[in-house]
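Summary of the model geometry
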Amino acid sequence: DQQVKQNSPSLSVQEGRISILNCDYTNSMFDYFLWYKKYPAEGPTFLISISSIKDKNEDGRFTVFLNKSAKHLSLHIVPSQPGDSAVYFCAASGTGGGGFKTIFGAGTRLFVKA
Amino acid sequence: DAGITQSPRHKVTETGTPVTLRCHQTENHRYMYWYRQDPGHGLRLIHYSYGVKDTDKGEVSDGYSVSRSKTEDFLLTLESATSSQTSVYFCAISDTGSGGGYTFGSGTRLTVV
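None of these values were measured; they are calculated from a predicted model. (Residues numbered from 1 in each chain as written. Chains lettered and ligands numbered in written order. Predicted model: local features only at pLDDT ≥ 70, side-chain atom pairs only at ≥ 80, totals over all residues. Heavy atoms only, no water.)

This part covers a nonpolar patch on the surface. Together, Ile18, Ile20 and Val78 of chain A make up an exposed nonpolar region whose accessible area comes to about 220 Å². Inspection of the secondary structure assignment puts Val78 of chain A in the loop between strand 8 (72-77) and strand 9 (86-94). (Patch = residues over 30% accessible without salt bridge, like charges linked within 9 Å, V, L, I, M, F, W, Y side chains within 5 Å. Areas by Shrake-Rupley, 256 points an atom, 1.4 Å probe, with all protein chains shown as cover. Salt bridge = Lys/Arg side-chain N within 4 Å of Asp/Glu carboxyl O. Helix = DSSP H or I, 4+ residues; strand = E, 2+ residues; numbered from the N terminus.)

With that settled, the discussion passes to the pairing of strand 11 (residues 108-113) of chain A. All names here are of chain A. Alternating positions in strand 11 separate cleanly, Thr108, Leu110 and Val112 being buried on one face and Arg109, Phe111 and Lys113 remaining unburied on the opposite face. The pairing of strand 2 (residues 10-14) with strand 11 spans five bridges and is classified as parallel. Opposite Val13, over in strand 11, you have Val112 as the bridge partner. Sheet analysis places strand 9 next to strand 11, joined by three bridges and oriented antiparallel. Across the sheet, Tyr88 pairs through a bridge with Thr108, a residue of strand 11. (Buried < 20%, exposed > 50% of the residue type's maximum accessible area, 1.4 Å probe, protein only. Pairing = 2+ DSSP bridges.)

Moving on, we come to the sheet that holds strand 8 (residues 73-78) of chain B. Residue and element names in this part refer to chain B. If you trace the four strands from one edge of the open sheet to the other, you get 1-3-8-7, paired in antiparallel fashion. With one partner strand each, in any of the chains shown, strand 1 (4-7) and strand 7 (64-70) form the two edges of the open sheet. Across this sheet, the average inter-strand angle for adjacent strands is 20 degrees, counted without regard to direction. Strand direction decides the pairing type here: strand 1 and strand 3 (residues 19-25), joined by four bridges, are antiparallel. (Axes fitted to C-alpha atoms, helices over the stretch in contact; angles between N-to-C directions.)

If you look at the biggest cluster of nonpolar residues, it comprises 24 residues, and the most contacted ones within it are Phe33, Trp35, Leu73, Leu75 and Tyr88 of chain A. Looking at this core, the elements that each hand over two or more residues are strand 3 (19-25), strand 4 (32-38), strand 5 (45-51), strand 7 (62-67), strand 8, strand 9 and strand 11 of chain A. Among the nonpolar cores identified, the runner-up in size contains 19 residues, and Val19, Trp34, Val60 and Ile93 of chain B belong to it. (Core = buried A, V, L, I, M, F, W, Y, C linked by side-chain atoms within 4.5 Å.)

With that settled, consider the state of the cysteines. Tallied over the full model, the rule gives two disulfides over all chains. Across the disulfide, Cys23 of chain A is cross-linked to Cys90 of chain A (sulfur-sulfur distance 2.0 Å). Looking down the S-S bond of the Cys23 of chain A and Cys90 of chain A bridge, the torsion is -75 degrees, so its handedness is left-handed. Of this pair, Cys23 of chain A sits in strand 3 while Cys90 of chain A is found in strand 9, placing the two residues 67 residues apart along the sequence. Between the sulfur atoms of Cys23 of chain B and its disulfide partner Cys91 of chain B the distance amounts to 1.9 Å. One disulfide, between Cys23 of chain B and Cys91 of chain B, carries an S-S torsion of -75 degrees and so falls in the left-handed class. Residue Cys23 of chain B is located in strand 3, and its partner Cys91 of chain B is located in strand 9 (residues 87-94); the two are separated by 68 residues in the primary sequence. For the residue pair Cys23 of chain B and Cys91 of chain B, the accessibility class agrees, reading buried in each case. (Disulfide = S-S within 2.5 Å.)

A few words now on the interface of chain B and chain A. Taken together, the 22 residues of chain B in the interface contact 21 residues of chain A. Buried surface at the junction of chain B and chain A, summed over both partners, amounts to about 1600 Å²; 59% is from carbon and sulfur atoms. Taken together, the links from chain B to chain A amount to zero salt bridges. At the boundary of chain B with chain A, the tally comes to three residue pairs in polar contact (both at pLDDT 80 or more). Elements with a contribution of two residues or more to the side of chain B that touches chain A: strand 4 (31-38) and strand 5 (42-51) of chain B. No other element matches strand 5 of chain B, which puts four residues into the side of chain B that touches chain A. In terms of residue class, the side of chain B that touches chain A is made up of eight nonpolar, 11 polar and three charged. (Contact = heavy atoms within 4.5 Å. Buried area = accessible area lost by both parts, 1.4 Å probe. Polar contact = N/O pair within 3.5 Å; in protein donor to acceptor, adjacent residues only side chain to side chain. Nonpolar A, V, L, I, M, F, W, Y, C, P; charged D, E, K, R; others polar.)

In structure tokens:
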């Protein structure tokens, strides 16, 4: 039973347009939600996060939206650039259930076409 | 901006042999994690540490053990490697353990034949 789900394995977007990556979670006890970006043969790198008490966080071209009632978050990239082509992992973290853990989704591969 | 290094980067081993992967950090972070990445599963937590000699299991800990005798080193051991443990292993570090992003190493690609 995946607690964090990214239902789209891949997404293709034209350069300059908006990329929207989606993520759903099941555990209401998560405190933070994060997005990581991963290039081939490299480790994931932290991109942006949002606290469960907020509904939006923005950092340059990247904005994360959180809808707690729907247990859904999304990452918007505007405008998309070819260098954004990578695998994006959604993650959720919290102390529920004993100990602190971060759970990752399966990832969405983004292709930005020039 | 290393801060965290994993060794080896690649390893091929035979079924039934023990294997140890090393994660070394120079950031003096309290928390260290081992994840494995597999297609369709994303990153799954194997074990983590919240201090020297303080470790706990993650969601896929069977067949793995860890040790942390120093702040900077976190070792992952496959007691008797199986083909199902063929994967890419990532180590991560964190100073807060909550909400703040992790810093990941570059990964170790392990093949069990």
